[in-house]
Amino acid sequence: MTKSTFKLRSQQWFDDDSNPDMTALYLEKYLNYGLTIEELQSARPIIGIAQTGSDLVPCNRIHLQLSERLKAGIRDAGGIPIEFPVHPIQETGRRPTAALDRNLQCISLIEILHGYPIDGVILTTGCDKTTPALLMGAASVNLPAIAFSGGPMLNGVYRGQCVGSGTIIWQARKLLAQGEIDYAEFIRRVASSAPSAGHCNTMGTALTMNCLAEALGMMLPGSATVPAPYRERAQLAYHTGKRIVEMVWQDLTPAKILTRRAFENAIVVCSALGGSTNAPIHINAIAQHAGIELDLSDWQQLGQHVPQLVNMQPVGHYLSEDFHNAGGLPAVLNQLLNAGLIHGDTLTVNGQSLAQNCTEAPCHNSDVIRPFDQPLKQQAGLKVLTGNLFQSAILKVSAIDEEFRQRYLTDPTQPGCFEGRVIVFDGPEHYHADINNPALNIDEHCILVMRYSGPKAYPGSAEVVNMQPPTALLNQGINALPTIGDGRQSGTSGAPSILNASPEASAGGGLALLQNGDFIRVDLNQGLVNVLLDETQLAARRAALTEMTPASQTWWQQCYRIEVSELSEGGVFKNMTQYRNIASKTPRHSH
């Protein structure tokens, strides 16, 4: 398309000679900081920069500097940049949990893109939930949109050892519990994992979601893994700025990129990455906003058999800087394409297909990115479980290490199965207060259950299912017990937890019925998790249930609890996902 054949959306605000009074009203205040009438009436695309960086969001703060390069690219391509803030989300700073704000940031973006004179938008992604939140909003609005990550931190090093952000916390807290390090040393170790600007340098939720944004086609090829301080990150900002202007003239919208086949690619790629257990929640949520049918059964069918190729913490050795220098996501896509596991014909934001972008992508380190026939794990996909306690839950198969497998999954009479005595915790406060209580008699045959930590109960769903054993067991060399919960766990944790149980306990899920001393049988062969009680016993307990959900502390928490769906459904607001192609619905005038 060209200027002569395409009417820019922003011209309805700034250059409508059929309504001069409203045009003048819209124009005047945008002139007061230096923009000119000539610019705003020049039929040049207005490009919004959805700014997620701030002092509150250190993982995305680099976007405050990178936006200048985005603006330079926009200007050089003939566009006019307008930077605006969206609601902040910082995974490690927000209490009770950043999950409360993913949908709020999505709403913020949708309302801005619908109500203001914007023709295309750059989504500044990075920290865990900023990436899905902005993609959800862009999918609903359907303006030309491109994602641009701030990039991961440089590798962390402490006393000569590789230290991964997030992952070091789960390692160091065991040492602290055992008395091998003190509080000051614990803080020093964890702090060493954040050596530069950028988001987590492990294959946690942040890097997983930015890689999947690239795999979906919503980010320039090769850009997900570039470390934040590298010069290439600022260069990519410039190219991203130029490209979004071209996308406006091409009317290249998310609806043309976020197809069913693109989401199938994302599922396969997540397995190959050894990606975060939070990915299904976010990818399923983006799909719902895009109007694409996708559920957990797709993750089982498409992703379970895929090998893990990327050797990165928390279920590997290396960090993001190593991954990028080994070839990054394009090298992984190239292997998956050659193996026939992904669709090469899906469209991406640069106007080319996924195959065109990665066919020649080399791998420079075969220990970081393993050859397809020498993977880190043969089957790395998420396993979907069901039973009489929940309709669905997931298990990250690649997180099952040899120690855990030998202890729980190698009974010669029933390999892949185990039973355990239940120890129930009603939220993380209960766990921290009681995990070392000798009266509970927790031994290696126990299963720890965390309930009332899902989206309605917490609210927002908390990353608390990866519970460490009591100190007495840690001292015996037992580093992990089986854990089950209706909340989540950090993407930087390598614990083999059964999590995201849906429906959650506060919404009638079976975890609410459990009592200490019950026995649960886990059968990974059949994908079943059942408490060993009959239906009569379960019905009697259900009849005696009392409300356990704490009171909402803010009005937003109350709204969130009313509207949010189960984690298995993406934790979305179902009424909200009905509104699609919002950009085609011109808002009414303000005066």
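Residues numbered from 1 in each chain as written. Predicted model: local features only at pLDDT ≥ 70, side-chain atom pairs only at ≥ 80, totals over all residues. Heavy atoms only, no water.

## Considerations on the overall build of the chain
Stated formally: To qualify as a helix, a DSSP run of H or I must reach at least 4 residues; to qualify as a strand, a run of E must reach at least 2; elements of each kind are numbered from the N terminus. A radius of gyration in this sense is built from C-alpha atoms; the matching globule rule multiplies 2.2 Å by the number of residues raised to 0.38. Exposure classes here rest on a 1.4 Å probe applied to the protein chains alone. A residue is buried below 20% of its type maximum, exposed above 50%, and partly exposed in between. Whether two residues are in contact is decided by their heavy atoms, any of which lying within 4.5 Å being enough. Computed with a 1.4 Å probe, the accessible areas rest on the Shrake-Rupley method; for each residue, only the protein chains presented here act as cover. His is not counted, nor are the chain ends, whereas Lys and Arg count as positive and Asp and Glu as negative. Here the site of a charge means NZ on Lys, CZ on Arg, CG on Asp, or CD on Glu.
Broken down by element type, the chain carries 22 helices and 14 strands. Relative to the compact-globule value of 25 Å for 591 residues, the chain shows a C-alpha radius of gyration of 24 Å, a close match. Referenced to the eigenvectors of the C-alpha coordinate spread, the extents of the chain come out at roughly 80 × 55 × 45 Å. Taken over 591 residues, the chain has a buried fraction of 60%. Within the chain, contacts between residues at least 6 apart in sequence are counted, and of these 76% link residues at least 24 apart. When the accessible surface of the chain is split by element, carbon and sulfur atoms take 51% of a total near 22500 Å². Here the chain contributes 43 positively and 54 negatively charged side chains, and the mean placements of these two sets differ by 2 Å.

## A short note on the pairing of strand β3 (residues 120-125)
What counts here: Paired strands, in this sense, are two strands between which DSSP finds at least two bridges. Handedness of a crossover is defined as follows: orient the strands so they point away from the viewer, and if the path from the first strand over the helix to the second runs clockwise, the crossover is right-handed.
Most of β3 sits inside the fold, with six of its six residues counted as buried. Pairing geometry for strand β1 (residues 46-51) and β3, over four bridges, is parallel. Counterpart to I49 in the pairing with β3 is I122. In the sheet, β3 pairs with strand β4 (residues 145-149) via five bridges, with the strands oriented parallel. Bridge pairing in β4 links L123 to A147. Remark: the β3/helix α6 (residues 130-141)/β4 crossover connection has right-handed handedness.

## Structural notes on the sheet that holds β3
We count it as follows: Geometry is summarised by axes, namely lines fitted to C-alpha atoms with helices restricted to the contacting stretch, and by angles between N-to-C directions that run from 0 to 180 degrees.
Strand order across the open sheet formed by four strands is β2-β1-β3-β4, with parallel pairing between neighbours. Every interior strand has two partners, whereas the edge strands, β2 (80-85) and β4, have only one. The average angle at which neighbouring strand axes cross in this sheet is 25 degrees, direction not considered. On top of the sheet, helix α10 (residues 231-250) reaches β1, β3 and β4; it is set at about 175 degrees to β4, its chief contact.

## Focus on the packing of helix α12 (residues 260-273) against helix α14 (residues 296-303)
If you want to describe how two helices pack, look at the angle between their axes and the distance between the axes. Stated precisely, the cut-off is as follows: By convention, the crossing between two helices is left-handed when the near helix turns anticlockwise from the far helix through less than a right angle, and right-handed when the turn is clockwise. Amino acid classes used here: Ala, Val, Leu, Ile, Met, Phe, Trp, Tyr, Cys and Pro are nonpolar; Asp, Glu, Lys and Arg are charged; the rest, including Gly, are polar.
At a minimum axis distance of 9 Å, the contact between α12 and α14 shows a crossing angle of 65 degrees. Remark: the crossing between α12 and α14 carries right-handed chirality. Facing α12, whose interface residues are R260, E264, I267, V268, C270 and S271, α14 presents D298, W299, L302 and G303. Considered class by class, the residues forming the contact of α12 with α14 number five nonpolar, two polar and three charged.

## What to know about unusual backbone geometry
Looking along the chain, the bond that leaves R95 and enters P96 is cis, with omega of 5 degrees. Within the secondary structure, P96 is located in the loop between β2 and α5 (99-115). The omega angle of the peptide bond from S502 to P503 is 0 degrees, so this bond is cis rather than trans. Tracing the chain through its elements places P503 in the loop between β12 (498-502) and β13 (519-523). In the Ramachandran plot, N500 falls in the positive-phi region, its phi being about 60 degrees despite a non-glycine side chain.

## A look at the packing of aromatic side chains
In this description, a pair of aromatic rings is defined by centroid distance and the angle of the planes. Test applied: Two aromatic rings, drawn from Phe, Tyr or Trp (for Trp, its six-membered ring), form a pair once their centres lie within 6.5 Å of each other, and the interplanar angle then sorts them: stacked below 30 degrees, edge-to-face above 60, tilted otherwise.
Within the structure shown, the criterion is met by eight aromatic pairs. With a centroid separation of 6.3 Å and 65 degrees between ring planes, the pair formed by W556 and Y560 is classed as edge-to-face. Separated by four residues within a single helix, W556 and Y560 lie in helix α22 (residues 555-563), roughly one turn from each other. Of the two residues, W556 and Y560, both sit in the buried class.

## So, the pattern of salt bridges
Note the threshold: Salt bridge, as used here, is a side-chain nitrogen of Lys or Arg placed within 4 Å of a carboxyl oxygen of Asp or Glu.
Taken as a whole and judged by the stated rule, the model has 24 salt bridges. The shortest N-O distance in the salt bridge between K574 and E569 comes to 3.0 Å. Residue K574 is classed as partly exposed on the basis of its relative accessible area of 41%.

## So, the environment of G156
Secondary-structure assignment places G156 in strand β5 (residues 156-158). On the basis of relative accessible area, G156 is assigned to the buried category, the value being 0%. When sequence neighbours within four positions are dropped, the list of residues in contact with G156 reads Q161, C162, V163, S192, S193, P195, N201 and L319.

## A word on helix α16 (residues 328-338)
For α16, the tally of buried residues reaches ten of eleven residues, placing the bulk of the element in the interior. Within α16, burial applies to G328, L329, P330, A331, V332, L333, N334, Q335, L336 and L337. Elements in contact with the buried residues of α16: α9 (205-216), α12, α15 (320-325) and α17 (354-358).

## Things to note about the nonpolar core
Under the convention used in this document: The nonpolar core is taken to be a set of buried Ala, Val, Leu, Ile, Met, Phe, Trp, Tyr and Cys residues, with the residues joined through side-chain atoms within 4.5 Å.
One finds I283 and F323 to be the most contacted residues of the largest nonpolar core, which totals 107 residues. Here this core takes nine residues from α12, the largest share from any one element. When sequence neighbours within four positions are dropped, the list of residues in contact with I283 reads M209, L212, L216, F263, A266, L294 and W299. Ranked by size, the runner-up nonpolar core spans 47 residues in total, among them V424, M450, M467 and V522.

## Thoughts on the state of the cysteines
By definition, a disulfide links the sulfur atoms of two cysteines through a covalent bond. Rules: Two cysteine sulfurs form a disulfide in these notes if their separation is within 2.5 Å.
Counted according to the given criterion, the structure contains zero disulfides. Here C127 is not disulfide-linked; the sulfur of C59 is the nearest cysteine sulfur, at 4.4 Å. What makes C127 buried here is its relative accessible area of 2%. For C363, which is in no disulfide, the shortest distance to another cysteine sulfur is to C358 and amounts to 13 Å.

## With respect to the pairing of strand β7 (residues 382-385)
Strand direction decides the pairing type here: β7 and strand β8 (residues 392-396), joined by four bridges, are antiparallel. Residue pairing across strands places L382 opposite K396, the latter belonging to β8. Once β7 ends, the chain turns through six residues before running back antiparallel as β8, passing G387 with a positive phi of about 160 degrees.

Spatial relationships are all this shows, so hold off on functional conclusions.
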